[in-house]
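Listed here are the chains, written in short residue letters.
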Amino acid sequence: MTTNNRIKQDADYIFHELTRSICPECKTVIDAQVIIRDNKVYMRKRCPEHGWFEGIISSDAEMYVGSIRFNKPGTIPLDFSTEVKDGCPLDCGLCPEHKQHICLALIEVNTACNLDCPVCFANAGAGYNLTLEQVEFMLDRLVEIEGDPEVVQFSGGEPTIHPQLPEMIQAAKDRGIRQVMINTNGVRLARDDRFLAQMQALDPVVYFQFDGLREETYLTIRGEPLLDTKMRALDRLAEVGMTAVLVAAIERDVNTDEVGSIVEFGLKHPAVRGVVFQPVTHVGRHIEFDPMTRVTIPDIIHGIVDQTDGRFILEDFVPVPCCFPTCQVNSYLFVDGDTVTPLPRILDIDQYLDYITNRALPKPPNAADIQTALEGLWSASAVAGTEQTAGQFECACGPGLDLPYEVNHLKEHVFQIAIKDFLDAWTFNVKQVMKCCVGILTPDGRAIPFCSYNSVGYREQIREQLTMEQGRQKILAVSRDREEQA
């Protein structure tokens, strides 16, 4: 008998789960392992043609695994637009296997932009402009799917350069959509008095691209100095009484050290009612990066805590249950002068939003109302600076904080912080996509989950289709004009 002197060894990682993902090179759907190593979470997968890939999902494994308690049952939409044929994520539209309705719908009204940013998940440039008729059809379809749509956001490209944007905003309001937003770099708001007046009259919430307080940040991420333009746009919004949410794209070694100062700036500026941090999604155009060191949600939470002189603690940030809870965290602050009180300090939010380990609600008679209010706040449909969000805040925190304001004034004192990590080809997880509640509407009546649209190839397909269609329409128009002149 031969003695085997070899010693078995443990792997240097924990196998957490098996899911489905895509190859970063060819976008083929493949198996993927989610593993935990050195208290960090990684995705590891192999494409038969292109080999192995690995990328970081979360820099804090405890935070990632613990978030599962916040996985809320999904709400099924009223209608679906596609059938189950090839499986997720190849049947998007929504298909009947999707596990959540659309909390926030986006309409990309154009592909053109007045900037040429090195970082742009939409890869803005030449392409198409949607017509008002197309947008009205998309809005009508959204109403059919949702019944009572919560939020629609007009995006692009840069939507403010679309000549019919005001009419599109009005069309959304005419259909009873509760919150209408515009996603903008702010350039036109800073420079165009007439356009600012139009927006003041329509009063959408401005989802405002704001990546930091250093000029070098804008030179790296946006390709030109924009800090003065950003400040002017925000000041002009404040002058006309409009509400803005700062949206910061955060990239490693560029502006991770600015997350605290962005929050502090937002708290002080009269137009700003919230901040959304988005780790850079490496789709479309992006600067060179290492998938093993990409920014994740815990990086930003720790950054806020470390950079704000004790104003925040880790427990102030709670996963969002309506999407998959590893996708987004929120916090809310009551701001009264220099006093800033995070809502999780006065209410045990975990006790209300823990859907697995704590099935019994607390005993107070208004517990169900508080849970409903918290589910509204911890949702992708929550829009900072609105009466609806202020009302939910009032209901949620009433037991712990005596608020001296009615709802219409309270909205000026409620500040939202959200951190949203969109998937790219290195982190794409079918499990998360199946519960995505942010959908991009398309002119053919589909609502495609945001991360599928950007990572799987839907964006390129839709862009090519709409660009070719618009080109044919132009050719026909020129031909008709020539016939009429003849």
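Up top is the structure these notes are about.
Thresholds applied
- Residues numbered from 1 in each chain as written.
- Predicted model: local features only at pLDDT ≥ 70, side-chain atom pairs only at ≥ 80, totals over all residues.
- Heavy atoms only, no water.
- Helix = DSSP H or I, 4+ residues; strand = E, 2+ residues; numbered from the N terminus.
- Expected span 1.5 Å × (residues − 1).
- Phe/Tyr/Trp six-rings, centres within 6.5 Å; stacked < 30°, edge-to-face > 60°.
- Buried < 20%, exposed > 50% of the residue type's maximum accessible area, 1.4 Å probe, protein only.
- Lys NZ or Arg CZ within 6 Å of the ring centre and 35° of its normal.
- Salt bridge = Lys/Arg side-chain N within 4 Å of Asp/Glu carboxyl O.
- Core = buried A, V, L, I, M, F, W, Y, C linked by side-chain atoms within 4.5 Å.
- Contact = heavy atoms within 4.5 Å.
- Polar contact = N/O pair within 3.5 Å; in protein donor to acceptor, adjacent residues only side chain to side chain.
- Pairing = 2+ DSSP bridges.
- Axes fitted to C-alpha atoms, helices over the stretch in contact; angles between N-to-C directions.
- Right-handed = clockwise from strand over helix to strand, strands pointing away.

## Topic: helix 2 (residues 132-146)
Here is step 1: Between its first and last C-alpha, helix 2 extends 21 Å over 15 residues, near the 21 Å set by a 1.5 Å rise per residue.
Here is step 2: Just downstream of helix 2, G147 is the residue with a positive phi angle, here 80 degrees.

## A closer look at the packing of aromatic side chains
Here is step 1: Evaluation of the coordinates by the stated rule reveals 9 aromatic pairs.
Here is step 2: Each ring, one from F210 and one from F265, has its centre 5.1 Å from the other, and the planes form 5 degrees; the classification is stacked. Of the two residues, F210 is situated in the loop between strand 8 (205-209) and helix 6 (215-221) and F265 in helix 8 (residues 259-268); the sequence distance between them amounts to 55 residues.
Here is step 3: You can call F265 buried: its relative accessible area is 17%.
Here is step 4: For the ring pair F312 and F317, a centre distance of 6.0 Å and an interplane angle of 45 degrees mean the geometry is tilted. This pair shows no difference in class: F312 is buried, exactly as F317 is.
Here is step 5: Site record: aromatic cluster; members linked through ring pairs are F208, F210, Y218 and F265.
Here is step 6: The residue whose ring lies beneath K230 is F208, and the NZ or CZ to ring-centre distance is 5.4 Å.

## Digging into the pattern of salt bridges
Here is step 1: On inspection of all chains with the given rule, the structure shows 25 salt bridges.
Here is step 2: A salt bridge links E108 to R459; the shortest N-O distance between them is 2.8 Å. With E108 in strand 5 (residues 104-108) and R459 in helix 16 (residues 458-485), this pair connects stretches of sequence that are 351 residues apart.
Here is step 3: E108 gets classed as buried once you look at its relative accessible area, which sits at 5%.
Here is step 4: For R459, a relative accessible area of 7% corresponds to the buried category.
Here is step 5: Taken together, the shared-partner salt bridges connect R214, E216, D257 and E258 into one network.

## Some thoughts on the nonpolar core
Here is step 1: One finds F154, F277, L343 and L374 to be the most contacted residues of the largest nonpolar core, which totals 141 residues.
Here is step 2: When sequence neighbours within four positions are dropped, the list of residues in contact with L343 reads Y332, I349, L374, L377, W378, F393, A396 and C397.

## Side note on helix 8
Count 3.6 residues to each turn of an α-helix, and residues three or four apart come out pointing the same way.
Here is step 1: The buried fraction of helix 8 amounts to 8 of the 10 residues, a majority that puts the element mostly inside the structure.
Here is step 2: Along helix 8, the positions that sit buried rather than exposed are V259, G260, I262, V263, E264, F265, G266 and L267.

## Quick look at the side chain of H162
Here is step 1: On the secondary structure map, H162 appears in the loop between strand 6 (151-155) and helix 3 (165-174).
Here is step 2: We classify H162 as buried; its relative accessible area is 2%.
Here is step 3: Only 3.0 Å separates the side chain of H162 from the backbone nitrogen of Q164, close enough to count as a polar contact.

## Topic: unusual backbone geometry
Here is step 1: Residue P89 is bonded to the preceding C88 through a cis peptide linkage, with omega at 10 degrees.
Here is step 2: Between G156 and G157 the backbone carries a cis peptide bond, its omega angle lying at 20 degrees.
Here is step 3: By secondary structure assignment, the location of G157 is in the loop between strand 6 and helix 3.
Here is step 4: A positive phi angle is found at K27, which is not glycine, with a value near 70 degrees.
Here is step 5: Locating K27 in the fold gives a position in the loop between strand 1 (14-22) and strand 2 (29-37).
Here is step 6: Residue D253 is not a glycine yet carries a positive backbone phi of 65 degrees.
Here is step 7: By the secondary structure assignment, D253 is in the loop between strand 9 (244-250) and helix 8.
Here is step 8: The class of D253 is exposed, set by a relative accessible area of 72%.

## Observations regarding the sheet that holds strand 1
Here is step 1: Ordered by their spatial adjacency, 4 strands build an open sheet running 1-2-3-4, and the pairing between neighbours is antiparallel. The strands lining the two open edges of the sheet, one partner per strand, are strand 1 and strand 4 (51-58). Within the sheet, the average angular offset between the axes of one strand and its neighbour, ignoring direction, is 25 degrees.
Here is step 2: Across 7 bridges, the pairing between strand 3 (residues 40-47) and strand 4 is antiparallel. Paired with R44 across the two strands is E54, which belongs to strand 4.

## Description of the pairing of strand 10 (residues 272-279)
Here is step 1: Within strand 10, 8 of the 8 residues are buried, which leaves the element mostly enclosed by the surrounding structure.
Here is step 2: Of the pairings in the sheet, the one linking strand 9 to strand 10 comprises 7 bridges and is parallel in character. The residue of strand 10 that forms the bridge with L246 is V275.
Here is step 3: For the crossover that starts at strand 9, traverses helix 8 and ends in the parallel strand 10, the hand is right-handed.
Here is step 4: Pairing analysis gives 4 bridges linking strand 10 to strand 14 (residues 414-420), with the strands arranged parallel. Residue pairing in the sheet places V275 in a bridge with I417 of strand 14.

Spatial relationships are all this shows, so hold off on functional conclusions.
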